[in-house]
Structure formats: structure tokens, C-alpha cells
Amino acid sequence: MSGLSLERLSVAVRGRALVDDASWSAPAGQVTALVGPNGAGKSTMLRAIAGVLPERATHAGGVRLDGVRLDGLPARERARRIALVEQSTDAVPQLTAREAVRLGRTPHHRMLGFSLGDEQHVDAALADAGASGLADRQLGELSGGELQRVHLARALAQRPALGEPSALLLDEPTNHLDVAWQLELLALVRRLALDRPVVMTVHDLALAATHADRVVLVDRGRVLAEGTPDAVLTAERIRSVYGVEATIDAAPDGVAIRYRRMSA
Amino acid sequence: MTRTVGDRRVADGSSRPAATPAGPGARPTARSRAGRAWALVGLGGLLVALGVAAACIGVAGVAPADALAAVAARLGIGASPLGPVGDAIVVDLRLPRILAAAAVGAGLAIVGAVMQALVRNPLADPYLLGVSSGASVGAVLVLVTGLGASLTAGLGGIGAAALPAAAFAGALLALVATLGLAGAAGGATPTRTVLAGVVVASAASAVVSLVIFWRADGDAFREILAWLLGSLAASTWASAAIALVGVVLALPLLASGRVLDALALGDSAAGALGVDVRRTRWLLLVACALVTGALVSVSGAIGFVGLVVPHAVRLLVGASHALLLPASGLAGAIVLLVADTVARAAFDPRELPVGIVTALIGAPVFAALMLTGRVRS
């Protein structure tokens, strides 16, 4: 199958399970939203897919991309197929956007190596992320939304070859963005998902319901439901997972959800 | 329905007017890579010119052409216009000291830039791993016991190597202690590395103080103080050679620029780019400590060069390490060469330990960089 899948993945740190026997899939061409309360294991799942679990973490089960098991791959090979944009990426303020995006080519280099054609990839990635105009600006001068685009462009530059996209994992991509930038970013994510699997974690359930093709609901490391937004995000599930009452309204331009505290 | 959201503006999000003002801090940052590379050529030219100037400056003034001719004559090209005394001053006294100063300065600045990236801390310098404190223990032990002098009396030139050898051994022990402590605590993450370095440095400093307090008097005390402050006064062709070896060891570090840029994103982000973070950091820390150990063994712990030069050079060539590392090396060589020339010539007939000069220059420069908001992690 073309796409990304978790197969009975478990992750534990010092005996405490962060992810517990989780399986889900994210087909290419679709945006998959990973939702669940704080501490549900969403970010840990993304890190497990990218192969950057903390040092003390142990894991079982596996991850497949287009049918290929990722666990056995060398780190650099894996980094060409899967790109992760984390919530808190340090940005060196004096680096230009172009220099930052060039770092996306790291998995294609040996330690002392050097390869031609990088600039072509960097230009293409900047263009795909709508960040060509930012190329010569320093990161310290960029707004949050612009910076997020540069991080996205860096992830796009990791791809194995031009026209051969890598899977994209986005941890809370809309965090700290105002509504206009949120919509722009989501539209960009939508375009990028045309030919690759995109998985993003989101806290805003209405945003997930409106902008994702598939939703995976996780709680305490386990997968509770997986499928289309309206099948997964029901008032009953929101009540049992988050402990709040929810009213879900479908509107022509998306989904609106209102919440109330549960009456005792 | 969802597909149409925001489609109009996404063509080029960067042009969204309200969110992309140039901002008060916007500087013309579109300096081309070629322009920045020219900075390397400029620094290199300046270093050579200052090197020639330093060979001419001192109690015995020499014209630049004569100094160059004297060096050429020693290499077997032409005849020296200087007498045997002038010849000896330029070629046997000043030249090795100039080379040692340039090599130590270059090495310290490169290692400082690498360390700042490895531990993601703008305060990092080459001595972060406790290397200089460990070297001080070795050196002070030799100076206090008079071991170097007695060995020199017995063995000649080999005995003179006792001091740098003991200093280097002390540096290695400190490195092993620091990385061992960080590793035992769960791995050499930036924070653990810094903390372990502080612990080892404090312990080594305590040993140095104890030894001085217990045993040192008169001449030994003066010698120890000069060593602790950092000085190139004792430079010979042998110490210049050790310092140059240190710089040669530092050359592979120059190629780590891309990896250092990736590490600056954070350990996890670097890992997601396929970098083996633990192995890379460990290798580079060991390389840095070896280079620092070699440099410290000939010059003592000269402060501020490894801390301030990388910050200043970032203003010149940007933060990307591919250029920052070689530019820091050249700038560090220039700074220490100038400082050492001032140290030996400005207060004639007395000579200052160069560490005092670098601190006197470095502290206000660092303060200025801080006040203008240019010191960033």
C-alpha cells in the first residue's frame, strides 16, 4: 500500500508506556490528523516514525512506508524518506532562510561530503513552501508564520530526488499562528499532500475535522478510533476522551465545535 | 469544501503584507556567498601583513624587506641583510613566537566556535570541558617540583618537553573525567556536558590552588602565574611546532560545518535529518579537547580568544559554520598575534603575559557585543 503505517507500535521510557500497541495508517494523497489530549502520545508517535525517540526509550512493533519497514534503514536513508517538523525547533537567528533550508540536504551528505545539485533542491523546496521570497532574509527577522514555512521548506528539501517526495510529519504546525497564517499553512499542507502522506498533530478538533481527510484519535498511547472526521469525532468520543460536552455543527465551509464543561 | 480554503493567498505566502514588514532589525542581509568568501581572503591577507609587521616590531627595529630577506636566507634563498644578532632575533626569537601566536589563536577560535555549536551555548569556549584546568594541574606540578629543570639538566631538549607533556596529560585526564561524568549521568547532552565540565574544572582548580598554596614560592610562583594567565614568551621552534600540530588537528573540524549547522536546530531535529547526534557530538568534543590540550600545553590557558572571536566573526560572515569556522581561525590568529605583539613590545622592557592583554581587550569587546544584542546562542 502506498503510504505510511504504524504496526503495533509500543514505546516506553523507564517502563512507562507512552505508546501502547498502536496501529494506524496514513495513505499518500491525504492529510491525516492525529488528535488526542495532552500526553496522549501523539508527538511520541511522530518521533518514533522519524526515528528520533529519546535515548532511554525502548520500542517494539514497526513503521512501514510504501510497504518498506523503516526500522532496519540507516538513519540517513530514513531521513530521506521521512521529514519531521517539530513544534519547538531552535532557529539560529543569524542563519538565512536559504541556509536553513540547505540543512534539509544533510541526509544526502557524508560527514565530509559535498554534493552538487543541492541548490536546485533548495530552490525547489523554497518554491514549494511558498518561501522563495524569504530566501535571503535572516531567520531572526521572520514572523512565526514565515518561520514555519522555512521549516517546511527544509523538510521538503530532504526528499530523495526531485519529483520524489518524502512523507511529511508535522507536530502542531498551526501552533502560535494567527488565523490567517493558519489557513495559509493548511492550504499549503493540502497541496503538499497531493503526492505524499502528510500526518499532523492538532489540538483544535474543529480544525482537524475541517482540514483533514482522516483523523486518528489517540488517548494514553492507544488508538481509540481511526477514519473520516465525522466518523471519528463524535460527541460521545469527545466526552469520554476529553471529559467535556461537545456540540458539533457541520457548515458549508467546515466544522464548528462548541464545548462546555460537563455538569456533575 | 475544505480544498478551497486560503487558495487565493497561498501562491506566495511570503508576500502577505501585514505579516512581513521589513522590521526594525532588518539589515541588508543579502550579502552574497561570494562576498562572504572574500572576507576569508581579506582576513588571510591581513594575517600575513600583520605577521610581517610583528617580525619588525620590538626593541630591535627591522625593516619589513630585511625581515623577509632574513627568513628567505634561512630557507637558503639569497643572503641575509641583517647581522648574526639581527638574524637570530628575527628568525629564532620572533618568527617561532609569531607562528605560535597565530597557531594558538587560530586553534582556540575554531574550537571555541565548534564548542558553542556543540553545546548550543554562547558562553562556551575551548576550556569548557575542564581541559585547561586539567592542563594547569600537570603544568603546575612540573613547575613546583622543579621536575622540568632537573630533567632539562639531565636530558637536555627532551627534558624541556616535560612541561607541555605534563600539561597535555592533565588535559587528557580532564577530558576523560568530563566525558565520563556526562556519560555516566546519561549521555553527553549539551547541559550535562557543561555541568560536568564545571565540576571537573572546579576540582582541578582546587588542586592547582592547593599545590601553589602548599609549595610555591618566589620564582616558581611567578612562573606558575605566567602559565596560568597564558603566555607565549617561552615560544621556541619546538613549541611553535606543537601549536602548528594542534592547528593541523583542528583542520578536520573545519569540515564539520554542515553537521554543526544541523545540530544547532536541536538534537531531535538533527536526528530527523539523519545525523547520529550522540556519536557526532562525542567525536567532535574529543577532537576539540585534543586540539585545546595541544595548544594549552605550549601557551597556557589564554582566555577570551575562543569565546569572543567566534561571536565577532558571526557579524562578518554570518552564522553558517562552513564559513564561520575558517573565518574564525583566521581572525583568532590575527587577534592573538596582535595581542602578543602588544604584550611583548608595548611595555618594554617588561613583558606582560598575553592572557592579560586578551582579557583587557576581550572583556570590553564582549560587553559591546552584548550591549548591541549581537551575542546569541
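Residues numbered from 1 in each chain as written. Chains lettered and ligands numbered in written order. Predicted model: local features only at pLDDT ≥ 70, side-chain atom pairs only at ≥ 80, totals over all residues. Heavy atoms only, no water.

## Thoughts on the side chain of Glu 245 of chain A
All names here are of chain A. Secondary-structure assignment places Glu 245 in strand E11 (residues 244–251). By relative accessible area, Glu 245 is classed as buried at 19%. Setting aside residues up to four positions removed in sequence, Glu 245 forms contacts with Arg 239, Arg 258, Tyr 259, Arg 260, Arg 261 and Met 262. (Helix = DSSP H or I, 4+ residues; strand = E, 2+ residues; numbered from the N terminus. Buried < 20%, exposed > 50% of the residue type's maximum accessible area, 1.4 Å probe, protein only. Contact = heavy atoms within 4.5 Å.)

## What to know about the environment of Ser 132 of chain A
All names here are of chain A. Along the chain, the position of Ser 132 falls in the loop between helix H4 (118–128) and helix H5 (144–157). Accessibility expressed as a relative area gives 39% for Ser 132, which makes it partly exposed. Separated by 18 residues in sequence, Ser 132 and Val 150 place their C-alpha atoms 9.3 Å apart. If near-sequence neighbours (up to four positions away) are discounted, Ser 132 is found in contact with Leu 126 and Ala 127.

## Some details on the confidence of the model for chain B
Residue and element names in this part refer to chain B. Per-residue confidence for chain B averages 83 on the pLDDT scale, and 86% of its residues sit at or above 70. Mean pLDDT per element in chain B: helix H6 (residues 157–160) is the minimum at 58, and helix H15 (residues 321–345) is the maximum at 94. Below pLDDT 50 for its whole length, residues 1–30 participates in 49 contacts with residues either more than four positions away or in separate chains. Scored as a whole, the predicted complex attains pTM 0.84, and scored at its interfaces, ipTM 0.86. (pLDDT = per-residue confidence, 0-100.)

## Comments concerning helix H6 (residues 179–192) of chain A
Three or four residues apart is the spacing at which side chains of an α-helix point the same way, because the helix has 3.6 residues per turn. Residues and elements named next belong to chain A. Taking 1.5 Å of rise per residue, the 14 residues of H6 would be expected to cover 20 Å, and the 20 Å separating its terminal C-alpha atoms lies within 8% of that figure. Of all 14 residues in H6, 11 are buried, a share of seventy percent or more. Among the residues making up H6, those that are buried are Ala 180, Trp 181, Gln 182, Glu 184, Leu 185, Leu 186, Ala 187, Leu 188, Val 189, Arg 190 and Leu 192. Looking at the buried residues of H6, the elements they touch are strand E3 (31–35), H4, H5, strand E7 (167–171), strand E8 (198–201) and helix H7 (205–211). Between the side-chain oxygen at the start of H6 and the backbone nitrogen of Ala 180 there is a gap of 3.1 Å, and the oxygen is on Asp 178. (Expected span 1.5 Å × (residues − 1). Polar contact = N/O pair within 3.5 Å; in protein donor to acceptor, adjacent residues only side chain to side chain.)

## As for the sheet that holds E7 of chain A
Residue and element names in this part refer to chain A. If you trace the six strands from one edge of the open sheet to the other, you get E6-E7-E8-E3-E9-E10, paired in mixed fashion. Edge strands, defined here as strands with exactly one partner in the open sheet, are strand E6 (82–85) and strand E10 (222–227). Averaged over all pairs of adjacent strands, the angle between their axes in this sheet comes to 15 degrees, without regard to strand direction. As paired elements, E3 and strand E9 (residues 214–219) share four bridges and run parallel to each other. Along E9, the bridge assignment pairs Ala 33 with Val 215. Helix H1 (residues 42–50) contacts E3, E6, E7, E8 and E9 of the sheet and is inclined by roughly 150 degrees relative to E7. Packed on one face of the sheet, H5 meets E6 and E7 and runs near 165 degrees to E6. (Pairing = 2+ DSSP bridges. Axes fitted to C-alpha atoms, helices over the stretch in contact; angles between N-to-C directions.)

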